[in-house]
Amino acid sequence: MGTTSEEAVKQLRTLMEDVDDESLRESYRNVHQGYPTETLLRFLKARDYNVHKAHKMLLDCLEWRTQNEIDNILTKPIVPVELYRGIRDSQLVGLSGYSKEGLPVIAIGVGLSTYDKASVHYYIQSHIQMNEYRDRVVLPSATKKQGRPICTCLKILDMSGLKLSALSQIKLMTAITTIDDLNYPEKTDTYYIVNVPYIFSACWKTIKPLLQERTKKKIQVLKGCGKDELLKVMDYESLPHFCRREGSGSGSGRHISEGTVDSCFSLDHYFHQELYNYVHQQALVKASSAPIRHGSVHVRFPEPDTEGTKIFDSLESEFQKLGNDQKA
């Protein structure tokens, strides 16, 4: 940490010490998980080390958390299990393992996620629960194992199956991305994009110039399934199933091998089983004062910033252009 960033952290820490609202202070403790310096740095990076903008961003995040009861979201399971399985089969995301440096590897099946088994609110709830489980359970566990703060992860985005029909999911994807950008900033160290079809290549040319340099440096578009490049940063066992051989595809199938489920997207994978059981256990603890309720958690969607709006408007325009070209 350079002198400039050290001073910025010091100033932001002083501002946060002046917060009197106990609900905000409690939420802040949930956010930093015992590592306030690393947390302050994340918000500062997201606002180019402008202390006042980072302070506003962090306070807005804490207000959003308290207003939407995010600190309690891991006590609110999605039930019944058939509904949750449908969400897992249509919102393809999971933990495939860890990098050689100990960072969690999050796999996301962008191209084959359909988001058609539940309402938008259930998908938002599921996404936030995975974020919170990552921050409160996965990262602290990795930190303990490595003996140093592990506060970020790697993400591998599988574009297999990406089609023009994905345009119908733009609104939901905008909401999810905005929630992450404003409330979970700088949690991803590197994005690896694999199994890239033509439609992505065409959109990438439009989107890339709109990204901030900080974001561009995090993104690596790999050849094919990316196996050779990814093995430089993680062991074979941590590769998502769609990266283990050319043409493997992603899919939401269970991919059973030697008695274990290889697809980290599946509810039967150990990560989702641990997450599912954790949320239910937390709910049972709370059930002594309030019974488990059916129905989704309705979370307020924050408005995207200017950069996000431009990106999604451009993406929507490019999808429509490609659709018109196919009809011509």
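Our structure's up above, just so we're on the same page.
All values derive from a computational prediction rather than experimental measurement.

1. Quick look at helix α7 (residues 170-183)
Thinking step 1. Taking 1.5 Å of rise per residue, 14 residues should cover 20 Å, and α7 covers 20 Å from first to last C-alpha, within 8% of that figure.
Thinking step 2. Here α7 lies mainly inside the structure; ten of its 14 residues are buried.
Thinking step 3. Among all positions in α7, only I170, L172, T174, A175, I176, T178, I179, D180, L182 and N183 are buried.

2. Overview of the packing of helix α2 (residues 22-32) against helix α4 (residues 51-67)
Thinking step 1. The N-to-C vectors of α2 and α4 enclose an angle of 100 degrees; their axes lie 9 Å apart at closest approach. Classified by the angle their axes make, α2 and α4 are roughly perpendicular. The residues of α4 that touch α2, namely those facing S23, L24, S27, Y28, N30 and V31, are L58, L62, E63, R65 and T66.
Thinking step 2. Class assignment for the residues of the contact of α2 with α4 results in five nonpolar, four polar and two charged.

3. A look at the environment of E26
Thinking step 1. Mapped onto the elements of the fold, E26 is located in helix α2.
Thinking step 2. The spacing of E26 and T66 is 40 residues in sequence and 9.4 Å in space, taken between C-alpha atoms.

4. Overview of the sheet that holds strand β2 (residues 104-109)
Strands pair in a sheet through their backbones, by hydrogen bonds, and they do so in one of two ways: parallel or antiparallel.
Thinking step 1. Taken in spatial order, the five strands of this open sheet run β1-β2-β3-β4-β5, and their pairing is mixed. Two strands in the sheet have a free side with no partner beyond their single neighbour: β1 (93-98) and β5 (219-221). Looking at each pair of strands side by side, their axes are set apart by 20 degrees on average, direction ignored.
Thinking step 2. Where β2 and strand β3 (residues 153-158) come together, five bridges link them in parallel fashion. Its bridge partner being in β3, G109 is matched across the sheet by D158.
Thinking step 3. Of the strands in this sheet, β1, β2 and β3 touch helix α6 (residues 120-146), which is tilted by about 10 degrees from β1.

5. Observations regarding α2
Thinking step 1. L24, S27, Y28, N30, V31 and H32 are the residues of α2 that are buried.
Thinking step 2. Backbone geometry just after α2 places Q33 at a positive phi near 50 degrees.

6. Some details on the pairing of β1
Thinking step 1. β1 sits mainly inside the fold: five of its six residues count as buried.
Thinking step 2. Looking at chain direction, β1 and β2 are connected through five bridges and run antiparallel. Bridge pairing in β2 links Y98 to P104.
Thinking step 3. Linking two consecutive strands that pair antiparallel, namely β1 and β2, is a turn of five residues; a positive phi of about 90 degrees is found at G102 within it.

7. Focus on empty space enclosed by the protein
Thinking step 1. Under the counting rule described, the total for this entry stands at three cavities of 30 Å³ or more.
Thinking step 2. Approximately 60 Å³ is the volume found for the largest cavity.
Thinking step 3. Lining the largest cavity are P77, I78, Y84, Q129, L275, Y276, V279 and H280.
Thinking step 4. If you tally residues by element for the lining of the largest cavity, the top one is helix α11 (residues 270-286), at four residues.
Thinking step 5. A breakdown of the residues in the lining of the largest cavity according to their chemical character gives six nonpolar, two polar and no charged.

8. Thoughts on the packing of helix α5 (residues 81-90) against α6
Thinking step 1. One can describe the packing of α5 onto α6 by two numbers: an axis separation of 11 Å at closest approach and a directional angle of 80 degrees. As the angle between them shows, α5 and α6 are arranged roughly perpendicular. Between α5 and α6, the residues in contact are L83, Y84, I87, R88 and S90 and Y122, Y123, S126 and M130, respectively.
Thinking step 2. Tallied by class, residues from the contact of α5 with α6 come to six nonpolar, two polar and one charged.

Parameters at a glance
- Residues numbered from 1 in each chain as written.
- Predicted model: local features only at pLDDT ≥ 70, side-chain atom pairs only at ≥ 80, totals over all residues.
- Heavy atoms only, no water.
- Helix = DSSP H or I, 4+ residues; strand = E, 2+ residues; numbered from the N terminus.
- Expected span 1.5 Å × (residues − 1).
- Buried < 20%, exposed > 50% of the residue type's maximum accessible area, 1.4 Å probe, protein only.
- Axes fitted to C-alpha atoms, helices over the stretch in contact; angles between N-to-C directions.
- Parallel < 35°, antiparallel > 145°, perpendicular 65-115°, else oblique.
- Contact = heavy atoms within 4.5 Å.
- Nonpolar A, V, L, I, M, F, W, Y, C, P; charged D, E, K, R; others polar.
- Pairing = 2+ DSSP bridges.
- 1 Å grid on protein atoms, 1.4 Å probe; cavity = no way out; pocket = protein on both sides within 12 Å on 5 of 7 lines; lining within 4 Å.
- Points joined across faces, edges and corners; volume = space filled by probe spheres on them.

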